[in-house]
Structures are given as structure tokens and as C-alpha cells.
Amino acid sequence: MKLKGAQIFFECLQKEGVEVIFGFPGGAVIDIYHELPKYDIRHILVRHEQGAAHMADGYARATGKVGVCLVTSGPGATNTVTGIATAYMDSVPMVIFTGQVPTALIGNDAFQEVDIVGISRPCTKHNYLVKHVDDLATVIKEAFFLARTGRPGPVLVDLPKDVLGAQIEFRYPKKVELKGYRPTLDAHLGQIKRAHQAIKKSKRPVIYAGGGVIIAEAGEELARFAELIQAPVTTTLMGLGSFPAMLEDPTGRKELNPWWLGMLGMHGTFRANMAVSNADLLIAVGARFDDRVTGKVSGFAPKAKIIHVDVDPTSISKNVVVDIPIVGDCKNALQKLIQVCEKEPLEDIEQARSAWMEQIRQWRETYPLAYKQEGDIIKPQYVVEKLYELCNGNAIVTTEVGQNQMWAAQYFHFNKPRTLLTSGGLGTMGYGLPAAIGAQVAFPDRLVIDIAGDGSIQMNIQELITAVCNCLPVKVAILNNRYLGMVRQWQELFYDKNYCATCLDAAPDFVKLADAYGAVGLRATRAEEVEPVIREAFSIKKPVLMEFVVAQEEGVYPMVPAGKNISEMLLV
Amino acid sequence: MNMHSNGQKHTIGVVVENRPGVLSRVAGLFSGRGFNIECLTVAETIDPGQSRITLVTSGDQQVLEQIVKQLNKLINVIKVIDFREMEFVNREMALIKVRADQQTRAEILRIVDIFRAKVVDVSPHFYTIEVTGDDGKIAAILELLGQLGITEVARTGKVAMARAKKH
């Protein structure tokens, strides 16, 4: 039977196991929306296309599945660009379908026409313009395949209106044939053995794990590997959750995992940055030596031999020259490392590491992450700690970008992969709320918290209605300091306290705003109100906006000034 | 097309799928990541489904390695030929329009002869010359003819191919 392009679209999505799409209609995609009710695929109607992209992203990060969004041509397409770039920087599997003007009009500056394939080329893993309905099924199959394999990423498919209306016999290709795409997943055994030799010689090893461990579902392997070679673990922002920050004893008492160094880099912990700066071996797994991690590149891990496991060869020796590169899937590489380490265990390992671990313990005790909650004024860190405590860590946390994000990373202890969804690479303000909605769609019964700032939350606040009308009970915790706090902090430290354009004294009444959207608004202005507000929010089965009026000029510390070695931290 | 101060020129062959937009992916990669393109040629191969790009770039070893890896990462790139690793031949063709009057015609024809070039168009005041060769040869003929008055030059950019194994 012949099907229309718009029907083929849904047939393909069903074959790919798509359960939900995040979208917003328009002229170029009405054909698709016309068919939507006939298919068993949930559609979440957003209020701005950027929201659709971030929701698909949040859904993908929370589940590991491919997130899908659907928007119209022109402004619909361009509105997704920030969301696509966000996903690209953090290697999130997504397929973005954009409408396009009919093929005959392409290039004519037609109404709502934009060259979205050209615009999105540098921020997608790959993209397509489908010119014939004959190619549609193949392209969709390839798009999903590319999005989820190798180093995942967003793939955009541009769909001209006439292609959606054209008819053809539907056949879904059985396999994908891409001559130029063969990701190396299988780690080279020779390199694994070289790594093993380096590990054997090392006295002060540090494992530096990134988002790649989470993407590869290699958390268990990471923990086992760290245990075998008795190495402490630090992670990037993207890697938080890949290694348990807290350990629970049989009585249920929780304490900080002694092998856990915390996050490293610009706002990393003292012990993580000192450990990396003094290590004789750095084992990077699924991390990419981002400038927010390395600080001054020449001063990064200056005493260490570097092993680097990554599925993307371009990440290796891009910023920092690597001694032992291992191209491959993180899970595959860690499994092989575990095998060789088990076969040839390191002798007297605990004794060999005792001096190193003692040093790390000292660093931890000298400068732990710290703040003082005194008096009535709420410290933002206190709010984050209370959020963690009152849900016992059982939540999916999203963040906006800036101080709120860093405090979330520092003070919420992430124990499981896919529990922190944050825009690490691009640093997209406005990510947190839609990402939380996407995660809540995937896990309707879990607690999803967006830790937000008063600046960021206003960048996609319109999606609150999406949460309300789809009964998605996300909890937003606004740390309201009446500033664009992170920029203000830089101005304080490096720009003579010239707080130009960072003061947000003129703000909406967030409680009334929540009310206007049909959500619940709660406010805490004094320290003693923090706990009751959080408890109440967690007990309500609706979206809740919590506003915490916090200390205005609190800073995020430690902080490595831009261009400095990561051992040169400003400590409160 | 700016010259990078640190690093030498380097030739890379790229076999790509012959589809719309592929060239812009390659060119966009260079501009987006701040790599240099000194010159670039592209044409279909013996397989109409594939095109071959030859490009000359510059940079230190680390940059060149990134360029090769980034090219390989493009989905439409089938093969990257890194000529650093092999002996290769390279050629470029240039069309040179040179002023030719009674005093200079004989000299121009002598130069054409020495360089095994060809005169492909003649008018009362101009010769158009076709010459093929490597960088050095093209530079040399341009210098000699330049003294006689070149009015226009069109160059193809370099194409390159690995030498076949001798055994």
C-alpha cells in the first residue's frame, strides 16, 4: 500500500521505538500533525521550540534513548538551534525534524524558509535535507542510527512540505549503509596492555571520568576498575553520577566515599585539583580535557603520564598531549582494563597507595567544600544540601547555568548515572526547566528537580504551562539572589566590582507567576523556612516553583581564575 | 586562505560521497575550527558516487593530526589520505594570460618551450598559456612571465596521488 510522506514519518518512528515527541506545529509540518492522532506516539506540545529541543535532550539524557522533536520551518527551526548546539556539545542522542518549504520553493526566500541544514551543520553530528519521498525512510533510519551510535549527538532531518505529501510504497530498510561511518568501539588490546604497565608503575594515580562513562553505561565498570587499581576518582561536571559520591553502610548511614575526589576544574574541589596536579598517572575516561577542567593547559597534571580512553579520536590529544591513547567505547575499554588487572593483580596495592590516599585525606580535611549558614539569610548552598537531604538523594536533578549549576554540582551528591542533567559544554541558561520536563515525561513517578537561578529560569519560563497541562510535577528551586550571579562574581573578582547589567532587582513575583500558570508557588525568605518549603513542595503532586531568597553576593568557591593552573585556587 | 606562521604546508586527499552539501561540510570544518585552506580542488572520481578533494593546509603536527581526525569524523567522508605518511606526486595546472607584442613573443615561446607548456589562445596582443607542474615549476614560470607582463592567472589548485609501490 502506498503511504504519504507524513505517514511514513510515523511508521519509521514506530520502527525506531519512539514513544514521545516534543513539538510545535506550523505550516510546513501540518501534514505530519494531521496524521499524528492515528499513531500511538505521545506528543508534548511545547510553548517555544527551544523548549522542545531541551525536553528531547532531557528525555534522552535521563533514559539513554534518542530524544525526538518536531518543529516547523523557518523560525520554528531556528528556535531549536540553541537546543541542538547544547545537545551536540554534550553528546546527547537526538533527532530533530524540521519542516521545510516545498522543494520547488527552496532557495526562493519563501515564507518561513531558512537554510536550517546550513545553519545547523556545525552543531549537529550530521544533518539531512530530504528531497524525495523515496529517501525518507532511509534518511530517518540513518538519523536514528547516527544519533545513538559511536559518540552520540543530534541529527537534524529537514522535511519539505511536498515530500510529506508525496506517496510511495513504504519499505523500511533493514540495515544502514554508511561507507564513511565506522566508529571504533573495540579498544585495542596492545594499548590496554601499555596502560596496564603504566598503572603498575604508578604511585599516585587519579581516574578522571567524564560524561562518556555515563553515555556508555559504564558506571559499574568504573567503580570496579577504581577498586582494582585503588585509584581515587574525580569527574567532570558531565561525569557526576558515574561514580558514587556517597556510600551507605548496612545501617543506612551515609558517608562520603573516600575514593571520591569530587568534581575537578574551575569550581572543582581542593582535593580533586590538588590530586590531579600531583598525580603521576592520570587516567581519563570519556572526558575531553575541556578548558573549564584544565585551566592553563601547560599546568594541567604536569607530573602525570596520561592515559585517555575515548570513543571519539578527535578528543584525544586535542588540548593535552596524551601518552597512551585508547580509542574505543568506555565500557569496552574498562572491561578490558579490568580483565588485564584481574589477571595480573598489582602487588601490595593497598600499601603502595597508602601514602597517596593519606595525602588526599589531608587535602580533603584542609579545605573541604564549605559555607556558613548563620542567621536568617539563606545561603544557596544550604538550599541545595537540604534538597539532597530531604529526598535522600533520590531525584533527577537538572540545572540552569551559572552559580546555581555549580552549587548543585558541589553540594548535591550524585550517586547514580543519569541523575544530573546539565548543560556542560554549551552552558545554556534556560536548559533546566524544559530538560526537567523531558525527564519527567520519561519517569512520571520520579522526583525531578530543576535547580535554577532567578536569571536562568526566566529564559524558558513559558514551559511551566507545558508541565502544568501535561501533569508533569517537576519541582523548580529558584536560588534567587537578584543577580546574574556568576557574571557578578567575575565582576567582583576581576572587574573592580563593576556590576554592569547583572543586577536583576526588577523581577517578577515568582509565587504569583507560578499561580498564574496553574502551578504552585512557595517562597522561603529565612533559613528556617527552607526545610518546610521543600517538604511541602515534595509532597505536592503538581509542578511547584520554590523561590528561595538567598544571600545576594555569595560566590562559588573554590575558583580557578581563567588562565591559571588548577592548583591555584581562590578558596573563599 | 591566510598563511599560518608556524607550520608547513601539507597536502591531504579526501574521498567523499558525491552528494550536495559535502564540500560545504569540509570547508565549514576548516573555517569553523580555524584551520587554514591554502587551496582546494574537487571533482568526481571513477566512481560517480564519489568525489575526491585535494587540499593543501598548514599547521604544526598537532593541528594536522586534528585536521585528519576531524575530516574522518565527517559522515560523508569515506577516506582520508594523509600524504605525510607516503611518497606522492602532485600537479597543478595554470592558465596564464601574458602580454605578447613583437619584442616579447619569441621570448614567451622560448619560456613555453622550456617549461613544456602550451599556448592555448592567441590574440593580437596576448597569449594564453597552459602549464602543468608542481609548486616549484608553476612558481618559476610565473616569475619569468611576470617580467614580461602577466594580466591574468587562473590556477586549478593541486591534485595529488600516492606513488604506486615499487615492488
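The structure we're discussing is the one just above.
Worth saying up front: this structure is predicted, and the values here are computed from it rather than measured. (Residues numbered from 1 in each chain as written. Chains lettered and ligands numbered in written order. Predicted model: local features only at pLDDT ≥ 70, side-chain atom pairs only at ≥ 80, totals over all residues. Heavy atoms only, no water.)

Engineer: I tried to follow the pattern of salt bridges on my own but got confused; where do I start?
Structural biologist: Should the charged atoms of two oppositely charged side chains come close, the side chains can pair. Residues and elements named next belong to chain A. Across all of its chains, the model carries 36 salt bridges over all chains by this definition. Between R292 and D291 there is a salt bridge, with its nearest N and O atoms 3.3 Å apart. The salt bridge partner of K386 is E531, with a shortest N-O separation of 3.3 Å. You can see K386 sitting in helix α16 (residues 380–390) and its partner E531 sitting in helix α22 (residues 527–539), a full 145 residues away along the chain. Given a relative accessible area of 11%, K386 falls into the buried group. The class of E531 is partly exposed, set by a relative accessible area of 25%. Here the salt bridges share partners, and the residues they tie into one network are K386, E389, E531 and R535. (Salt bridge = Lys/Arg side-chain N within 4 Å of Asp/Glu carboxyl O. Helix = DSSP H or I, 4+ residues; strand = E, 2+ residues; numbered from the N terminus. Buried < 20%, exposed > 50% of the residue type's maximum accessible area, 1.4 Å probe, protein only.)

Engineer: So what exactly am I meant to see when it comes to the environment of L36(A) here?
Structural biologist: All names here are of chain A. Examined against the element boundaries, L36 turns out to sit in the loop between α2 (30–35) and β3 (42–45). Expressed as a C-alpha distance, the spacing of L36 and Q7, which sit 29 residues apart in the sequence, is 8.6 Å. Apart from the residues within four sequence positions on either side, L36 is in contact with F10, I21, I41 and H43. (Contact = heavy atoms within 4.5 Å.)

Engineer: Before we go on, may I ask you to explain the packing of helix α3 (residues 49–63) of chain A against helix α5 (residues 81–89) of chain A in this structure?
Structural biologist: When two helices pack together, their arrangement is given by the angle between their axes and by how far apart the axes lie. Residues and elements named next belong to chain A. Their axes nearest at 7 Å, the elements α3 and α5 cross at an angle of 25°. Overall, the two elements α3 and α5 adopt an arrangement that is roughly parallel. Of the residues in α5, those in contact with Q50, A53, H54, D57 and R61 of α3 are T82, G83, I84, T86 and A87. Here the residues of the contact of α3 with α5 sort into 3 nonpolar, 5 polar and 2 charged. (Axes fitted to C-alpha atoms, helices over the stretch in contact; angles between N-to-C directions. Parallel < 35°, antiparallel > 145°, perpendicular 65-115°, else oblique. Nonpolar A, V, L, I, M, F, W, Y, C, P; charged D, E, K, R; others polar.)

Engineer: Whenever I open this one, the interface of chain A and chain B confuses me. Can you help?
Structural biologist: Interface extent is often summarised as the accessible area lost during association of the parts. Contact with chain A, which involves 20 residues of that partner, is made by 17 residues of chain B. Of the roughly 1,500 Å² buried where chain A meets chain B, counting both sides, 47% is carbon and sulfur surface. Where chain A touches chain B, the interface holds 1 salt bridge. For D312(A), the salt bridge identified is with K73(B), shortest N-O distance 2.7 Å. Run the count over chain A and chain B and you get 8 residue pairs in polar contact (both at pLDDT 80 or more). Across the side of chain A that touches chain B, the residue classes tally to 6 nonpolar, 6 polar and 8 charged. (Buried area = accessible area lost by both parts, 1.4 Å probe. Polar contact = N/O pair within 3.5 Å; in protein donor to acceptor, adjacent residues only side chain to side chain.)

Engineer: How should the environment of G67(A) be read in this particular structure?
Structural biologist: Residue and element names in this part refer to chain A. On the secondary structure map, G67 appears in strand β4 (residues 67–71). Note on G67: relative accessible area 0%, which makes it buried. The spacing of G67 and L421 is 354 residues in sequence and 14 Å in space, taken between C-alpha atoms. Among all residues touching G67, those that are not within four sequence positions of it are A56, Y59, A60, P93, M94 and V95.

On their own, these measurements won't tell you what the molecule is for.
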